[in-house]
Each structure stands twice: as C-alpha cells, then as structure tokens.
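Overview (structure and organization)
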Amino acid sequence: MRLHRLELRRIGLELVVPFRTSFGTELHRDILLVHVTTDAGDGWGECVAMSAPFYSPEFVDGADLAIRRFLWPMLVEAGDIAAADVATILEPIHGHPMAKAALEMAILDAELRASGTTFHQLLGAERSVIPSGVSVGIFDDLDELLAQVQGYVDDGYARIKLKIEPGWDLEPVRLVRDLIGPEMPLQVDANTAYTRTDAEHLCRLDEFDLLLIEQPLPEEDLLGHAQLAERSSTPVCLDESIVSLQTAEDAIEMGAAEIVNIKPGRVGGYLTAKRIHDLCVARDVPVWCGGMVETGIGRAANAALATLPGFTLPGDISASSRFYARDVVTEPITVTDGTVSVPDAPGLGFELDLEFLDSITTSTDFLDA
Ligand code: NPQ
Ligand code: MG
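To continue, consider the overall build of the protein. Along the backbone of the protein there are 12 helices and 13 strands. C-alpha atoms of the protein, sized along the principal axes, occupy 60 × 40 × 40 Å. Taking contacts inside the protein between residues at least 6 apart in sequence as the whole, the part at least 24 apart equals 73%. Charge separation in the protein, taken as the distance between the mean sites of 27 positive and 60 negative side-chain charges, equals 2 Å.

Take a look at the structure:
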C-alpha cells in the first residue's frame, strides 16, 4: 500500500485510581495515537510511551518527534509497503521501539481492515478468549492494598500481580497470599527496584508459591538475573530487559529469563513480538503479554496477540475499567469469568468512539506523504 497521510493525535485520560510502581505514580495518561491514511484505507496505532522516561528510555514527546523527523519520512520514502516491511525499513534508526511499533500497528490495522481480516486470523491462533490478569500498584498502607486486591478478586481476574519495591515486598505478599488463598495465581513485579546484593532477601519470596518474579534487577543486568534464577525457586521473568529478539534469545540462553513478558511496544511492534513468542515456544519458555495501561486500541491488539499458543500464563490484559472510566473505543475490553474475549472485527479489532476521542484530544497534527 501507499501512504497518503499521518495524523498525530494526542489525548489525555485520567486513571480511575493512581497507579504507583517502584518508578513513580501515574494519575494521568498523555497518549500519542497515530492514524495512517493509505490508498487502501486507514488504520490506527497507539504509542505506549509514557510521559517521562522512568520505565523505559522513550517518552511521548520524544516518540512524537522521532516519528515526524525520521520514521514517517523513511516509510514514505520506501514507497509501496506492507506492514511486514515496516520493522525492516525502520531498522537503520536505533532505539525508539515504541514509536516504531505505533506506526507498524497503524499500517497493520489499515492492511487488515482493507482485506477484511482480523488480527487473530492473521496470527492463526485458535483461542477466542484469553485469561485476564490484573496488575496492582503500591499503596500507603496494607489495608488499602487488601481492599483493592479483594475488589479485583471479586471482579473475577484469573491472577493477581503485585508491584513490589524494597520496603514493600514480603509483608504485602504474605497478607495478599493469606487473603486470596493458596490456589489463586499470584506474581510480583519490581520494575528493576533491587540490586544483586538483594538476592538473599528476594529468595524469601519463595515461600509464597509465586508464579514468577518480574524484573527485580536493572534492565542491563542479565547476569544478575541469571544468578538470582539459579538461587531462587520462584521463576525469574524479564520485562524491561527484553528489548529485541536478540536480547530475548541471549537472556534465555544465559538462564536470565525463565519466563518472558512480551510487550509489543518495547520490542518495536506486534510482528517482532510474534517472533519472540515463536522463539520462546521453540525454547520451551512460557510467555505472557504485558500491559502499558493501553486504551482499547492497544488492549484489543494485545488480546489478539495473546491467543498464540505460547502465551500459557495470564497476561496484564485487564478490563478497560481497571484504568479508565471511559475508553476511546465503542466496545471497551471487559472481563467475564476471568477472561477477555478477543475482538472479531476486521483490523486490530476496535472501533473508535470518535465523539469521545475528540472530546479528550489535546492536539492534532497532520503530515502528508
Ligand atoms: C509493567 N505495567 O509490567 C508495567 C509498567 C507500567 C500493567 O504493570 C502508565 C502507563 C502507568 C504505563 C505503570 C503494568 C504505567 C505504565 C506501569 C506501565 O512493568
Ligand atoms: Mg513489568
């Protein structure tokens, strides 16, 4: 297809409750949406970069600039392209995976809509529902945490993930395990908050029968994760460290990733995400789909991705209402009996609520091809 025009649209959305992690507290999302118009129709993508580079090196203003200055012009220059070509065309640009992923996503959405195909048909996956997990933030006190967890259990989520950091780990995990009982799947995510010298302390989490511990150490510290994985009985899962197919392969080979969290934005797009999934299946490493507090756009695409057979653990694909009072799509993602139904509309699977979208739009800009 040939690209005609790119719309860069920024929207503002408030979270229903503040989401605190070891790297900060989020109350508000400033999201970049990209809308591509082509000779075959149009499509939308969502950039998962956050406002500030605390989780990853990218940030939304930077992604916007990278798209304008480098990524969009390169795609236009390439002429007649398919979604499957996008990552290769953009390969000369170092970094900026979330910006690249957003463009690939919009072009993929356009391509799928044009051919009347759903994303999960393209992936060839057989499931139509996927188990839904929920990520629970850090709180000022334990009672507040337990009340939130109980609410999510009542909502029917299939597994709970607790954010942890030094000073907020053993005690909250113990109390939550007592609250939810031994059968309910439970895991923790440190978002890089610990160091190698905390290995002994982290091994004290072993008694709580966790599914996994996610990214305890800095993203560059693959060796430290491998050493921790050797010592602890809780499987070590990497999130921030997995920035490409290559790092996934190396981390698995080194024993640093016993489980892999795949986030399409962090690895440069859904098609690379699929390749990482395929690698994990070949290596017998369980994978699950992470979340970046997406709108229904990213949530729909994540749900389709998670139908692939290697996604054997519940992902962070929760209901839109976990984060947002109102979503930008006409059919928000919902959780029923602990599962999310995979959207079956052509494209990535969502339709936009344009009236609401307009009401939360903070800026719009157009780039011609
Ligand atoms: C993680 N996500 O797995 C992340 C990181 C994260 C669902 O736990 C606003 C936007 C707030 C993106 C907080 C979950 C966020 C965010 C945390 C991403 O590490
Ligand atoms: Mg994580």
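Still more ground to cover, so stick around.
The subject of this paragraph is the sheet that holds strand β13 (residues 361-368). Spatial strand order, β3-β2-β1-β13: four strands in an open sheet with antiparallel pairing. Across the chains shown, the open sheet's two edge strands, defined by having one partner strand only, are β3 (41-47) and β13. When the angles between neighbouring strand axes are averaged without regard to direction, this sheet yields 20 degrees. Alignment of strand β1 (residues 3-21) against β13, held across seven bridges, turns out to be antiparallel. Following the sheet pairing, I11 is matched in β13 by T361. The sheet contacts of helix α1 (residues 60-77) involve β1, β2 (24-38), β3 and β13, and relative to β1 the element is tilted by about 155 degrees.

Turning next to helix α9 (residues 245-254). Of the residues making up α9, those classed as buried are T247, A248, A251 and I252. When α9 is viewed along its axis, its buried side chains cluster within an angular range of 130 degrees and face the same direction. Looking at the buried residues of α9, the elements they touch are α8 (222-231), β9 (236-238), β10 (259-262) and α10 (270-282). Immediately beyond the C-terminal end of α9, within one or two residues, lies G255, with a positive phi of roughly 80 degrees.

This part covers the coordination of the magnesium ion (ligand 2). The magnesium ion (ligand 2) binds to the protein through D189 (OD), E214 (OE) and D239 (OD), with metal-donor distances spanning 2.0 to 2.3 Å. Binding-site remark: the magnesium ion (ligand 2) is held by donors from one chain whose sequence spacing is D-x24-E-x24-D. Pair noted here: D189 is in strand β7 (residues 186-189) and E214 is in strand β8 (residues 213-214), with a separation of 25 residues, a long-range link. Looking at E214, the relative accessible area reads 0%, which means it is buried.

Below, the discussion takes up the nonpolar core. Core analysis: the largest hydrophobic core is formed by 128 residues, its most contacted members being I67, L162, L205, V260 and V328. Among the elements that make up this core, the one with the highest residue count is helix α3 (residues 97-115) (10 residues). Listed in part, the five residues of the second largest apolar core include L212, C237, W288 and L313.

This part takes up the site of ligand 1. Near ligand 1 there are 19 residues, and of these S135, K161, K163, N191 and G291 occur at the shortest range. Starting from 440 Å² of accessible surface for ligand 1 in isolation, the protein chains cover 99%. Mapped by element, the contributors of at least two residues to the shell around ligand 1 are β1, β2 and β6 (159-163). Tallied by class, residues from the shell around ligand 1 come to six nonpolar, four polar and nine charged.

All right, on to the pattern of salt bridges then. Counted according to the given criterion, the structure contains 24 salt bridges. With its nearest N and O atoms 3.0 Å apart, the salt bridge here joins E351 to R113. Placement of the pair is E351 in the loop between β12 (339-341) and α12 (354-360) and R113 in helix α3, with a sequence separation of 238 residues. For R113, a relative accessible area of 24% puts it in the partly exposed group. Several salt bridges converge on common partners, so that one network encompasses R10, D30, D61, D64, R68 and D365.

Right, let's talk about the pairing of β3 for a bit. Working note: regular strand, side chains alternate between the two faces of the sheet. Burial analysis of β3 places five of its seven residues in the buried class, which makes it a mostly covered element. Relative to β3, β2 runs antiparallel, the two being bridged by seven bridges. Along β3, the bridge assignment pairs H35 with W44. Here β2 folds back onto β3 in antiparallel fashion, the turn holding two residues.

Rules used in this analysis
- Residues numbered from 1 in each chain as written.
- Chains lettered and ligands numbered in written order.
- Predicted model: local features only at pLDDT ≥ 70, side-chain atom pairs only at ≥ 80, totals over all residues.
- Heavy atoms only, no water.
- Helix = DSSP H or I, 4+ residues; strand = E, 2+ residues; numbered from the N terminus.
- Contact = heavy atoms within 4.5 Å.
- Lys, Arg positive; Asp, Glu negative; His and termini not counted.
- Charge placed at Lys NZ, Arg CZ, Asp CG, Glu CD.
- Pairing = 2+ DSSP bridges.
- Axes fitted to C-alpha atoms, helices over the stretch in contact; angles between N-to-C directions.
- Buried < 20%, exposed > 50% of the residue type's maximum accessible area, 1.4 Å probe, protein only.
- Arc of directions from axis to C-beta.
- Donors = N, O, S within 2.8 Å, 3.2 Å for Na, K, Ca; no water.
- Core = buried A, V, L, I, M, F, W, Y, C linked by side-chain atoms within 4.5 Å.
- Near = heavy atom within 4 Å.
- Areas by Shrake-Rupley, 256 points an atom, 1.4 Å probe, with all protein chains shown as cover.
- Nonpolar A, V, L, I, M, F, W, Y, C, P; charged D, E, K, R; others polar.
- Salt bridge = Lys/Arg side-chain N within 4 Å of Asp/Glu carboxyl O.

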